[in-house]
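Here's the letter readout for the chains.
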Amino acid sequence: MYVRKKRRMVAEINVVPYIDVMLVLLIIFMVTTPIITQGVKVELPKSDAEPIEQMKDGKTPLVATVDEGGLYYFEKDGVNKGPFNAQEMQIEVAGTLQLEPGTQVIIKGDGRVNYAAIIQLLNLLKDAGAPSVGLMTDDVEQN
């Protein structure tokens with residue numbers, strides 16, 4: 001008489017579907033990343049200035065931008081807003097600074113912009129309540 005042995009259950013996880021899903025997600029992220037990293041195109045002046053140290057409380061700075069056309073933009077936590085005129089920009093920055101007091105503000109001005117436009121933006125930011133304002137430049141070694 002033939003006694004049939006019971007088969008043991010296989011306790012392995014089939015990982016092939018997980019690999020397929022991972023590869024699809026990888027392709028999606030590779031395609032969408034360039035779309036997410038948008039911004040205002042400005043040609044920063046060159047300088048060998050020291051980089052700004054990271055803020056101690058982990059807040060990201062507010063980056064105010066003036067382009068060659070004299071329009072204002074600002075970026076906070078990767079979100080770009082604008083274009084604004086001077087009065088709208090002051091209202092938007094003041095609102096942001098009321099929500100997060102003590103946030104550092106950095107001016108990102110196009111190198112071809114009139115110096116008076118940068119000074120006007122600097123005064124606008126101070127009037128909006130910015131505690132300190134820095135100027136952003138490109139590194140001299142960069143092309």
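The model shown is predicted, which means the values in this text are computed figures rather than measured ones. (Residues numbered from 1 in each chain as written. Predicted model: local features only at pLDDT ≥ 70, side-chain atom pairs only at ≥ 80, totals over all residues. Heavy atoms only, no water.)

Participant: Looking at this structure, I do not really get the side chain of threonine 103. What am I missing?
Facilitator: Residue placement: threonine 103 occurs in the loop between α2 (86-99) and β5 (105-109). Judged by relative accessible area, which is 1%, threonine 103 ranks as buried. Within polar-contact distance, the side chain of threonine 103 engages the backbone oxygen of glutamate 100 at 2.6 Å. (Helix = DSSP H or I, 4+ residues; strand = E, 2+ residues; numbered from the N terminus. Buried < 20%, exposed > 50% of the residue type's maximum accessible area, 1.4 Å probe, protein only. Polar contact = N/O pair within 3.5 Å; in protein donor to acceptor, adjacent residues only side chain to side chain.)

Participant: I tried to follow the packing of α2 against helix α3 (residues 115-127) on my own but got confused; where do I start?
Facilitator: For any two helices packed against each other, the geometry comes down to the angle between their axes and how far apart the axes lie. With their axes 9 Å apart at the nearest point, α2 and α3 run at an angle of 40 degrees to one another. Relative to α3, the element α2 lies oblique. Here the hand of the crossing between α2 and α3 comes out right-handed. Judged by residue contacts, Ala86, Met89, Gln90 and Val93 of α2 engage Gln120, Leu121, Leu124, Leu125 and Asp127 from α3. Tallied by class, the residues present in the contact of α2 with α3 amount to six nonpolar, two polar and one charged. (Axes fitted to C-alpha atoms, helices over the stretch in contact; angles between N-to-C directions. Parallel < 35°, antiparallel > 145°, perpendicular 65-115°, else oblique. Left-handed = near helix turned anticlockwise from the far one by under 90°. Contact = heavy atoms within 4.5 Å. Nonpolar A, V, L, I, M, F, W, Y, C, P; charged D, E, K, R; others polar.)

Participant: What's the story with α2 in this structure? I'm lost.
Facilitator: Within an α-helix, residues lying three or four positions from one another point in the same direction, as the helix has 3.6 residues per turn. With 14 residues, α2 extends 20 Å from end C-alpha to end C-alpha; this agrees with the ideal 20 Å at 1.5 Å per step. On its buried face, α2 sits against β2 (62-66), β3 (72-76), β4 (79-84), β5 and α3. The backbone nitrogen of glutamine 87 lies 3.2 Å from a side-chain oxygen of the residue at the head of α2, namely asparagine 85. (Expected span 1.5 Å × (residues − 1).)

Participant: When you look at the nonpolar core in this model, what are you seeing that I'm missing?
Facilitator: A general feature of soluble globular proteins is that nonpolar side chains tend to end up buried together. Grouped together as the largest cluster of nonpolar side chains are 20 residues, with contacts concentrated most on Val66, Met89, Val93, Leu121 and Leu125. Secondary structure elements with two or more residues in this core: β2, β3, α2, β5 and α3. A per-element tally of this core places α3 first, with five residues. (Core = buried A, V, L, I, M, F, W, Y, C linked by side-chain atoms within 4.5 Å.)

Participant: For this particular structure, what's the right way to read a nonpolar patch on the surface?
Facilitator: The grouping of Ile13, Val15, Tyr18, Ile19, Met22, Leu23, Leu26 and Met30 at the surface amounts to a nonpolar patch, some 840 Å² of accessible area in total. Along the chain, the position of leucine 23 falls in helix α1 (residues 16-36). (Patch = residues over 30% accessible without salt bridge, like charges linked within 9 Å, V, L, I, M, F, W, Y side chains within 5 Å. Areas by Shrake-Rupley, 256 points an atom, 1.4 Å probe, with all protein chains shown as cover. Salt bridge = Lys/Arg side-chain N within 4 Å of Asp/Glu carboxyl O.)

Participant: Got a minute to help me understand the sheet that holds β3 in this structure?
Facilitator: Within a sheet, each strand pairs with its neighbour through backbone hydrogen bonds, oriented either parallel or antiparallel. Strand order in the open sheet formed by five strands is β4-β3-β2-β5-β6, and the pairing between neighbours is mixed. Each edge of the open sheet carries a strand with a single partner, namely β4 and β6 (133-135). Mean inter-strand twist for the sheet, computed between neighbouring axes without regard to direction, equals 25 degrees. Relative to β4, β3 runs antiparallel, the two sharing four bridges. When the bridges of β4 are listed, phenylalanine 74 appears paired with lysine 81. Along the sheet face, α2 touches β2, β3, β4 and β5 and points at about 15 degrees away from the line of β3. (Pairing = 2+ DSSP bridges.)

Participant: How should I be thinking about the confidence of the model for the protein in this particular structure?
Facilitator: When pLDDT drops low, the exact placement of atoms in the prediction is not to be read closely. When pLDDT is averaged along the protein, the result is 77; 79% of the residues meet or exceed 70. At the low end of the mean pLDDT range in the protein sits strand β1 (residues 46-47), at 62; at the high end sits α1, at 87. (pLDDT = per-residue confidence, 0-100.)

Participant: Just to check I follow, could you spell out the pairing of β2 for this structure?
Facilitator: A large share of β2 lies buried, amounting to five of its five residues. The side-chain alternation of β2 yields two buried faces, one formed by Leu62, Ala64 and Val66 and the other by Val63 and Thr65. Judged from the five bridges that link them, β2 and β5 form a sheet pairing that is parallel. Bridge pairing in β5 places valine 63 opposite isoleucine 106. Hairpin remark: β2 followed by β3, antiparallel, with five residues in the connecting loop; positive phi at glycine 70, about 85 degrees.

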